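Survey of secondary and tertiary structure
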Amino acid sequence: MSTIHKFDLLISEVGPRDGLQSVATTMATADKCAWIDALVAAGVQEIEVGSFVSPKLLPQMADAAEVVQHAIRHASVTIMALVPNIKGAEAAMRAGAHKITLPVSASPAHSMANVRKTPEQMLEQVRAITALRDEIAPQVHIEAGISTAFGCTIQGPVPEDDVIALAVACVQAGADESGLSDTTGMANPAQVKRLFTRLRSELGNQAGAAHMHNTRGLGLTNCLAAYEAGVRTFDSSQAGLGGCPYAPGASGNVVTEDLVFMFEAMGLRTGIDIERLLTARNTLARGLPGEALYGMLPPAGLPKGFKPHAYALRSAV
Ligand code: ZN
């Protein structure tokens, strides 16, 4: 959602969904809830807490409804869930999710591999899901996340016209917004700036989040490029959870700790307290012992004298 509330940016934490679904270990429900609580305590205002998919496909997400029901007790936080189809959408809405996100792939090859549907068939899902929403839960916000928007590991380059056309078609099909995802970590800053500039000129305030991956080390740079193109909502994962299977040793999602540090150091208010975010990282670590945690800020710590906002103001003097 383009609602920034009283802050300059909205950081949408996707770790409990995007991160955990890529990790082989299944985190216990109580540990997921404790992590979400710690993220809320740090000031995170939007959290994607689970995926409503078949537990046979993703046993890590079998408790999605339970986690949503826990998370929505935090009244001020937007609780999101990913749904691949209408069955999942209904379950997510009935569990009480405030917002649902639908992965719609711009690469037909990736779409078939990921959800066994063509992009056109996914548009039908968007239509059906928004119709269901209007009927049973009109307050729920629906986001289309255009995956493989910057390249596909199967198809290779994805034409920019296809990406923009699909994002626009999702909104025409009833989605409240369309964002762009670098699912495969292939984006570069020039491309990010170009695509989001086009997206925003086509969709205005229905242009959604930048979901960047750090697979090739360009995650933060790509977020900055998206910011310069006017994007104000960013998806990231605590500890960069969700390693990419195609790049061993590389983190998947942009690391929330590093992203928040970058923006706060620039004098932009995220609403997130970095010290408490590091506390939440410890809660995550306890729930997933032995899992690799990424990020540059956590081992280095905050710079001496660092104060959010004030730091940038002082530097400018
Ligand atoms: Zn991701």
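Computed from a predicted structure; not experimentally measured. (Residues numbered from 1 in each chain as written. Predicted model: local features only at pLDDT ≥ 70, side-chain atom pairs only at ≥ 80, totals over all residues. Heavy atoms only, no water.)

Some details on the coordination of the zinc ion
This is how the line gets drawn: Note: metal donors comprise N, O and S atoms at 2.8 Å or less from the metal (3.2 Å for Na, K and Ca); water molecules are not included, so apparent gaps in a site are possible. For a four-donor site, all angles between 85 and 135 degrees give tetrahedral; for four or six donors, opposite pairs above 155 degrees with the remaining angles between 65 and 115 give square planar or octahedral; all remaining cases count as irregular. Runs of E in the DSSP output that reach at least two residues are strands. Runs of H or I that reach at least four are helices, and both are numbered from the N terminus. Under the scheme applied here, a residue whose accessible area is under 20% of the maximum for its type counts as buried, over 50% as exposed, and between as partly exposed, the area being computed with a 1.4 Å probe on protein chains only.
The protein atoms that coordinate the zinc ion are Asp18 (OD), His211 (NE2), His213 (NE2) and Asn253 (OD1), at distances spanning 2.0 to 2.2 Å. Coordination at the zinc ion is irregular: its 4 donor atoms span angles of 87 to 161° at the metal. All donors to the zinc ion come from one chain, and their sequence spacing reads D-x192-H-x1-H-x39-N. Here His213 lies in the loop between strand S7 (207-211) and helix H9 (219-228) and Asp18 lies in helix H1 (residues 15-21), a separation of 195 residues in the sequence. Side by side, Asp18 and His213 carry an identical accessibility label, which is buried.

Considerations on the sheet that holds strand S4 (residues 99-105)
In a beta sheet, neighbouring strands are held together by backbone hydrogen bonds and run either parallel or antiparallel to one another. The condition is simple: Here the rule is simple: two strands pair whenever DSSP picks up at least two bridges between them. Here the axes come from fitting lines to C-alpha atoms, over the contacting stretch only for helices, and the angles between their N-to-C directions go from 0 to 180 degrees. When checking whether two residues touch, look at their non-hydrogen atoms; a contact exists if any pair is within 4.5 Å.
The strand order around the closed barrel built from 8 strands is S1-S2-S3-S4-S5-S6-S7-S8, with neighbouring strands paired in parallel fashion. Put simply, the sheet's adjacent strands are angled 30° from each other on average, direction ignored. Pairing of strand S1 (residues 10-13) with strand S8 (residues 233-236), which is carried by 4 bridges, proceeds in the parallel orientation. Each residue of the ladder has a partner; that of Ser12, found in S8, is Asp235. Seen against the sheet, helix H3 (residues 64-71) touches strand S2 (46-51) and strand S3 (78-82) and runs at an angle of roughly 160° to S2. Strand contacts of helix H8 (residues 189-203): strand S6 (177-181) and S7, with the helix running at about 160° to S7, the strand carrying the most contacts.

Regarding the confidence of the model for the chain
Rule in force here: In predicted models, pLDDT denotes the confidence assigned by the predictor to each residue on a 0 to 100 scale.
Per-residue confidence for the chain gives a mean pLDDT of 93; residues scoring 70 or more make up 93%. Ignoring residues within four places in sequence, the model shows residues 310-317, a span with pLDDT below 50, making 7 contacts including any to other chains.

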